[in-house]
Amino acid sequence: VILLCFRRYLLTALTSCLIWNTFGLSAAMDSRPNILLFLADDLGIGDIGCYGNNTIRTPNIDRLAREGVKLTQHIAAAPLCTPSRAAFLTGRYPIRSGMASSNRYRALQWNAGSGGLPVNETTFARLLQQQGYTTGLIGKWHQGVNCESFNDHCHHPLNHGFDYFYGMPFTLVNKCQENKPAELDAALQAKLWLYSQIIILAVLTLTAGKLTGLISIRWKIIASFTLVGSLFFISWYSSYGFVQYWNCILMRNHDVTEQPMRLERTASLMLKEAVSFIKRNRHGPFLLFVSFLHVHTPLFTTAKFLGKSRHGLYGDNVEEMDWMVGKILGSLEKQGLKNHTFIYFGSDHGGHLEAQDGSAQLGGWNGIYKGGKGMGGWEGGIRVPGVLRWPGVLPEGRVINEPTSLMDIYPTVVHLAGGILPQDRVIDGRNLVPLLQGRAQKSEHEFMFHYCGSYLHAVRWHHKDSGAIWKAHFVTPVFHPPGAGACYGKGICPCSGEGVTHHDPPLLFDLSRDPSEAKPLSADTEPLFNTVIGKIGRATEEHRRTLTPVPEQLSLYNVVWKPWLQPCCGTFPFCWCDKEGDGIQSL
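Definitions and cut-offs
- Residues numbered from 1 in each chain as written.
- Predicted model: local features only at pLDDT ≥ 70, side-chain atom pairs only at ≥ 80, totals over all residues.
- Heavy atoms only, no water.
- Helix = DSSP H or I, 4+ residues; strand = E, 2+ residues; numbered from the N terminus.
- Rg over C-alpha atoms; globule rule 2.2 N^0.38 Å.
- Buried < 20%, exposed > 50% of the residue type's maximum accessible area, 1.4 Å probe, protein only.
- Lys, Arg positive; Asp, Glu negative; His and termini not counted.
- Charge placed at Lys NZ, Arg CZ, Asp CG, Glu CD.
- Pairing = 2+ DSSP bridges.
- Contact = heavy atoms within 4.5 Å.
- Axes fitted to C-alpha atoms, helices over the stretch in contact; angles between N-to-C directions.
- UniProt positions renumbered as here; feature names shortened; annotations may be inferred.
- Phe/Tyr/Trp six-rings, centres within 6.5 Å; stacked < 30°, edge-to-face > 60°.
- Lys NZ or Arg CZ within 6 Å of the ring centre and 35° of its normal.
- Disulfide = S-S within 2.5 Å.
- Domains from an automatic or database assignment.
- Salt bridge = Lys/Arg side-chain N within 4 Å of Asp/Glu carboxyl O.
- Polar contact = N/O pair within 3.5 Å; in protein donor to acceptor, adjacent residues only side chain to side chain.
- Nonpolar A, V, L, I, M, F, W, Y, C, P; charged D, E, K, R; others polar.
- 1 Å grid on protein atoms, 1.4 Å probe; cavity = no way out; pocket = protein on both sides within 12 Å on 5 of 7 lines; lining within 4 Å.
- Points joined across faces, edges and corners; volume = space filled by probe spheres on them.
- pLDDT = per-residue confidence, 0-100.
- Core = buried A, V, L, I, M, F, W, Y, C linked by side-chain atoms within 4.5 Å.

Peer 1: What is the right way to look at the overall build of the protein chain in this model?
Peer 2: Helices and strands together make up the secondary structure of the protein chain, namely 15 helices and 17 strands. The globule rule puts the C-alpha radius of gyration for 587 residues at 25 Å, and the 26 Å found for the protein chain is close to it. A burial count over the protein chain gives 56% of its 587 residues as buried. When the 54 positive and 47 negative side-chain charges of the protein chain are each reduced to one mean point, those points stand 3 Å apart.

This is the structure:
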């Protein structure tokens, strides 16, 4: 009798387990989760513990990886902020939206530029908004603000599907902090200063010569020369001389709240806004995109974290960001939303190797991967962290080595929200849910195209049958000094011109055997060399046939500073305010 009862109990338990596996997961999937997206700025794949760093403390991000899924071959669509984030928001290569540049300005340079994410692009925020989600963006935007006037807000987050925006419409730059060297067009600014000094010296020389009688010249000519020199100086100094006021601002929705921003409390404000958004929308569903200003230079870090890491200011900044992640996760748990929230953590591209202050490294570490920020082909510029968690739906501790893309987040969250992808355009991202859950073993990506600006630098081929990951480099940057692994002294590697090398035949690597891209293959060393190059060449031609001409958002005209487009909390040019006050508590 006892044995019979035990058998019945066991059968009931197994049946219940089967029913849960069949219907419980389906029910969880049918309910629309809240969606929380974290995106770091310039974070290297080697900077966090779950990707092998044992000296910078990132316990909260590491916890996400333990409780969820870690992607080891997660690829950004571009190696710089503006185009990479455009691809993240739209699920499309930036060249399709005009967010890829053919000139040296590969990211937006000013809040008062006219370029930005086109109004006809459909972001995941827009699609989730249509599904009844409350959508919010806290932090960095860097996709433009205005088109034709200072308040048309054509590129603004609220015009791209976000119900609420609090943060920086631009990005952090050195001049956001006092006494930091210029990085925005630093070489050009140096030339403009030199020309201005030459003009001043010429005017003084002519004036002295006239007064002493050594030079015979009319006062009108000196006055005209002085006027032209003054206009020249004003024309460039009115923009570059006030970067802190024009670019380093905070906005709440359409209103400027700090101009210039006070960096000592920015992290507190961002954290407060994220926690508040979750609390306000706890009955959901909501989409919250936390777009960190960390860990971009100037690496402003609050006193609580200064000097606490083993990697100087950069390590301090990473650890502060991780702490903020933990606080936001804690807010989710406090509201009882942990099991009903899909979370993603990533970075827009690789670490900035050339960011240095003397011997101090101010940029990230890209692990074993060659290259870094700004390099369209080398893995260090585009291979980034990718961690996802949804308790009860995604398995714990799963590691996926298949190729995935930041663009995949677009179709993934649209699928989770019950939305439908746009049918009138190419979507390059792929829904990750089957791969994340283990229902699919292979990535849907066969080919991935690695651009530097509008120039195709490399192509990756995922040969699903053999598991090989082939990568062909058509163009690579010329490192300075030779063999240094970066373009030191230039700030960032160029995409074209004399600063790159064209390869014919292309440099070929098998990333499954050589992830560091240390040993290029040849027809002599790899029997499949010609076959692989031929296959990649045909795929490239087919990809290019899917591209259609669009206006270039990063053209020289679109990226220059235009006073009439400047967001201003006063009457231009008297733009300064502090609407936040001192009511924010320190970290």
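Peer 1: Help me understand the sheet that holds strand E4 (residues 164-168) in this model?
Peer 2: Backbone-to-backbone hydrogen bonds join strands into a sheet, with any given pair of strands oriented parallel or antiparallel. Strand order in this open sheet of eleven strands is E12-E2-E11-E8-E1-E7-E3-E4-E5-E6-E17, and the pairing throughout is mixed. Of all strands in the sheet, those bounded by a partner on one side alone are strand E12 (398-405) and strand E17 (577-578). With five bridges connecting them, strand E2 (residues 69-75) and strand E11 (residues 383-389) associate as antiparallel partners. The partner of Val69 across the bridge, within E11, is Leu388. Packed onto the sheet, helix H2 (residues 59-66) meets E2, strand E8 (341-347) and E11 and runs at close to 65 degrees relative to E11. The strands touched by helix H3 (residues 81-90) within the sheet are strand E1 (34-40), strand E3 (134-140), strand E7 (286-291) and E8, with E1 carrying the most contacts at an inclination of about 165 degrees.

Peer 1: It is not clear to me how the UniProt feature "transmembrane region" (unreviewed entry) in the protein chain should be interpreted in this structure. Could you clarify?
Peer 2: Under the present numbering, the feature "transmembrane region" (unreviewed entry) in UniProt falls on residues 192-209 and 221-243. Strand forms 0% of residues 192-209 and helix 100%; the C-alpha atoms that close the span are 26 Å apart.

Peer 1: Looking at this model, I keep getting lost on the packing of aromatic side chains. Mind explaining?
Peer 2: Two aromatic rings, taken as a pair, are described by how far apart their centres are and by the angle between their planes. A complete count under the given rule lists 28 aromatic pairs for this structure. Relative to Tyr237, the ring of Phe233 lies with its centre 5.0 Å away and its plane at 15 degrees, an arrangement referred to as stacked. Separated by four residues within a single helix, Phe233 and Tyr237 lie in helix H7 (residues 219-240), roughly one turn from each other. For Phe233, a relative accessible area of 29% corresponds to the partly exposed category. Cluster of aromatic residues (ring-pair linked, three or more members): Trp110, Trp193, Phe233, Trp236, Tyr237, Tyr240, Phe242, Trp246, Trp561 and Phe572. A cation over a ring is seen here: Lys70 above Tyr51, with NZ or CZ 5.1 Å from the ring centre. The ring of Tyr164 has Arg280 sitting right over it, with the charged end atom 5.0 Å from the ring centre.

Peer 1: When you look at the state of the cysteines in this model, what are you seeing that I'm missing?
Peer 2: As enumerated under the stated definition, the model contains six disulfides in all. Disulfide partner of Cys452: Cys495, at an S-S distance of 2.0 Å. With the S-S dihedral at roughly -75 degrees, the linkage between Cys452 and Cys495 falls on the left-handed side. Separated by 43 residues along the polypeptide, Cys452 in strand E13 (residues 447-452) and Cys495 in the loop between strand E15 (469-477) and strand E16 (500-510) bring together distant segments of the chain.

Peer 1: Would you mind going over the environment of Cys569 with me for this structure?
Peer 2: Mapped onto the secondary structure, Cys569 falls in the loop between helix H15 (556-559) and E17. Excluding residues within four positions of it along the chain, Cys569 makes contact with Val256, Gln259, Cys575, Trp576 and Cys577.

Peer 1: I would appreciate a short explanation of the domain arrangement of the protein chain in the present structure.
Peer 2: Accessible area lost during the coming together of the parts is what is often quoted as the interface size. On domain assignment, one finds that the protein chain holds domain 1 (34-172 + 249-445 + 551-565) and domain 2 (186-241). On a C-alpha basis, the centroid separation for the pair domain 1 and domain 2 is 45 Å. Opposite the four residues of domain 1 that make contact, domain 2 presents four residues. Counting across the interface, domain 1 meets domain 2 through zero salt bridges. At the boundary of domain 1 with domain 2, the tally comes to zero residue pairs in polar contact (both at pLDDT 80 or more). Among the residues making up the side of domain 1 that touches domain 2, the classes are represented as three nonpolar, no polar and one charged.

Peer 1: Sorry, what's going on with the pattern of salt bridges here?
Peer 2: Between side chains of opposite charge, a pair can form as their charged atoms come close. Taken as a whole and judged by the stated rule, the model has 24 salt bridges. Ionic pairing is found between Asp424 and Arg425, a salt bridge with its closest N-O pair at 3.0 Å. Asp424 gets classed as exposed once you look at its relative accessible area, which sits at 59%. Salt bridges sharing common partners tie together Arg63, Glu67, Glu333, Lys338 and Arg389.

Peer 1: Even after reading the chapter, I still don't get unusual backbone geometry, so can you show me in this structure?
Peer 2: Most peptide bonds take the trans form, and the phi angle of most residues other than glycine is negative. With an omega of -5 degrees, the peptide bond between His480 and Pro481 qualifies as cis. Here Pro481 is to be found in the loop between E15 and E16. A cis amide bond links Phe572 with the next residue in sequence, Pro573, at an omega value of 10 degrees. Along the polypeptide, Pro573 turns up in the loop between H15 and E17. Positive phi is not limited to glycine here, since Asp42 has a value of about 70 degrees. Along the polypeptide, Asp42 turns up in the loop between E1 and H2. For Asp42, a relative accessible area of 4% translates into the label buried.

Peer 1: Mind showing me how you'd approach the layout of surface pockets here?
Peer 2: In this approach, a probe sized like a water molecule rolls over the atoms, and the result shows the empty space that is left. Taken as a whole, the second largest pocket holds about 420 Å³ of empty space. Every residue lining the second largest pocket is counted, 17 residues in all, and those nearest its centre are Arg430, Phe447, Phe449, Glu542 and His543. Examining the composition of the lining of the second largest pocket, we find that five residues originate from one element, helix H14 (residues 529-545), more than from any other. Considering only residue class, the lining of the second largest pocket consists of six nonpolar, three polar and eight charged.

Peer 1: I tried to follow the confidence of the model for the protein chain on my own but got confused; where do I start?
Peer 2: Reading fine detail from the predicted coordinates is not recommended where pLDDT is low. Scored by pLDDT, the protein chain comes out at a mean of 92, with 94% of its residues at no less than 70. Counted against residues more than four places away or in other chains, residues 1-30, with its pLDDT under 50, gives 13 contacts. This model gives residues 583-587 a pLDDT under 50, and the stretch forms 13 contacts once residues within four places in sequence are excluded.

Peer 1: How should the side chain of His349 be read in this particular structure?
Peer 2: Here His349 is to be found in the loop between E8 and strand E9 (356-357). Side chain to side chain, His349 and Asp42 meet in a polar contact 3.1 Å long. Separated by 3.5 Å, the side chain of His349 and the backbone nitrogen of Cys81 make a polar contact. Those residues in contact with His349 that sit more than four places away from it in its chain are Asp41, Asp42, Leu43, Ala76, Ala78, Pro79, Leu80, Cys81, Lys373, Gly381 and Val384.

Peer 1: What is the right way to look at the nonpolar core in this model?
Peer 2: Here is a general trend for soluble globular proteins: nonpolar side chains tend to be buried in one another's company. Ranked by internal contacts, the top residues of the largest apolar core, which has 67 residues, are Phe38, Leu43, Leu288 and Phe345. Counting residues per element, this core draws most heavily on helix H10 (residues 312-334), at nine residues. Per-domain counts for this core show at least three residues from each of domain 1 (34-172 + 249-445 + 551-565) and domain 2 (186-241). Once residues within four sequence positions are removed from consideration, Phe38 is found in contact with Val290, Phe292, Val325, Ile328, Leu329, Ile343, Tyr344, Phe345 and Gly346. Within the second largest apolar cluster, 46 residues are counted, among which are Leu37, Leu128, Val413 and Leu436.

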